[in-house]
Amino acid sequence: MRGKETLVTCESCGRKVPRNKAVSFEKSVHFGTELRNANDVRFSERMKVYYCISCAKHRGIFEKKKRNAIEHSKKMF
Ligand SMILES: [Zn+2]
C-alpha cells in the first residue's frame, strides 16, 4: 500500500524520514548515578537510532559503519 511506509525520526535533526531511506546506527548509551559508593549503578545499553541521509553523511555515520564492518571482518579471520 502506498504511503504506508514506516517513518522514523532522525536523531539529529528530528525530521521524519521513511525507514528505507534512513540510516540506522547503534550507539551505546551509558547510564550512571555518579555515586562513589555501593549504590552506584552503572549500565550501558545499545540503542538503535536513525539518521536521515544528510545527517548520516554530515556525522560520518557511513565512515563509522565502514570501520565497524572492517573491525568485524578482522575478528572473523
Ligand atoms: Zn537528519
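Model, not experiment: these values are computed from the prediction.

Here the focus is the overall build of the protein chain. Of regular secondary structure, the protein chain possesses two helices and four strands. Counted from the first residue to the last, the protein chain has its helices and strands arranged as β-β-β-β-α-α. Its C-alpha atoms give the protein chain a radius of gyration of 17 Å, more than 25% over the compact-globule value 11 Å for 77 residues. Overall size of the protein chain, expressed as C-alpha extent along the three principal axes, is 55 × 35 × 25 Å. For the protein chain, the proportion of its 77 residues judged to be buried stands at 12%. Of all intrachain contacts in the protein chain linking residues separated by at least 6 positions in sequence, the fraction that spans at least 24 positions is 47%.

Turning next to the nonpolar core. Within the largest apolar cluster, eight residues are counted, these being Val 8, Val 17, Ala 22, Val 23, Tyr 51, Cys 52, Ala 56 and Ile 61. With residues near it in sequence (within four places) discarded, Ala 56 still touches Val 23, Tyr 51, Ile 61 and Phe 62.

Considering the arrangement of structural elements, one finds Arg 19 in the loop between β2 (16-18) and β3 (23-32). C-beta crowding within 10 Å serves as the criterion here: with 11 such atoms nearby, Arg 19 is assigned to the exposed category. Put simply, Arg 19 and Asn 68 are 49 residues apart on the chain and 21 Å apart in space, counted from C-alpha to C-alpha. If we skip the residues at most four places from it in the chain, Arg 19 touches Glu 5, Thr 6, Leu 7 and Val 8.

Moving on to the pairing of β3. The side chains of a regular strand alternate, residue by residue, between the two faces of the sheet. Little of β3 is tucked away: one of the 10 residues are buried. Two elements, β3 and strand β4 (residues 42-51), share 10 bridges in a ladder whose sense is antiparallel. In the sheet register, Glu 26 faces β4, and the bridge partner there is Lys 48.

The rules behind each value
Residues numbered from 1 in each chain as written. Predicted model: local features only at pLDDT ≥ 70, side-chain atom pairs only at ≥ 80, totals over all residues. Helix = DSSP H or I, 4+ residues; strand = E, 2+ residues; numbered from the N terminus. Rg over C-alpha atoms; globule rule 2.2 N^0.38 Å. Buried ≥ 20, exposed ≤ 12 C-beta atoms within 10 Å, placed from the backbone. Contact = placed C-beta atoms within 7 Å. Core = buried A, V, L, I, M, F, W, Y, C linked by C-beta atoms within 7 Å. Pairing = 2+ DSSP bridges.

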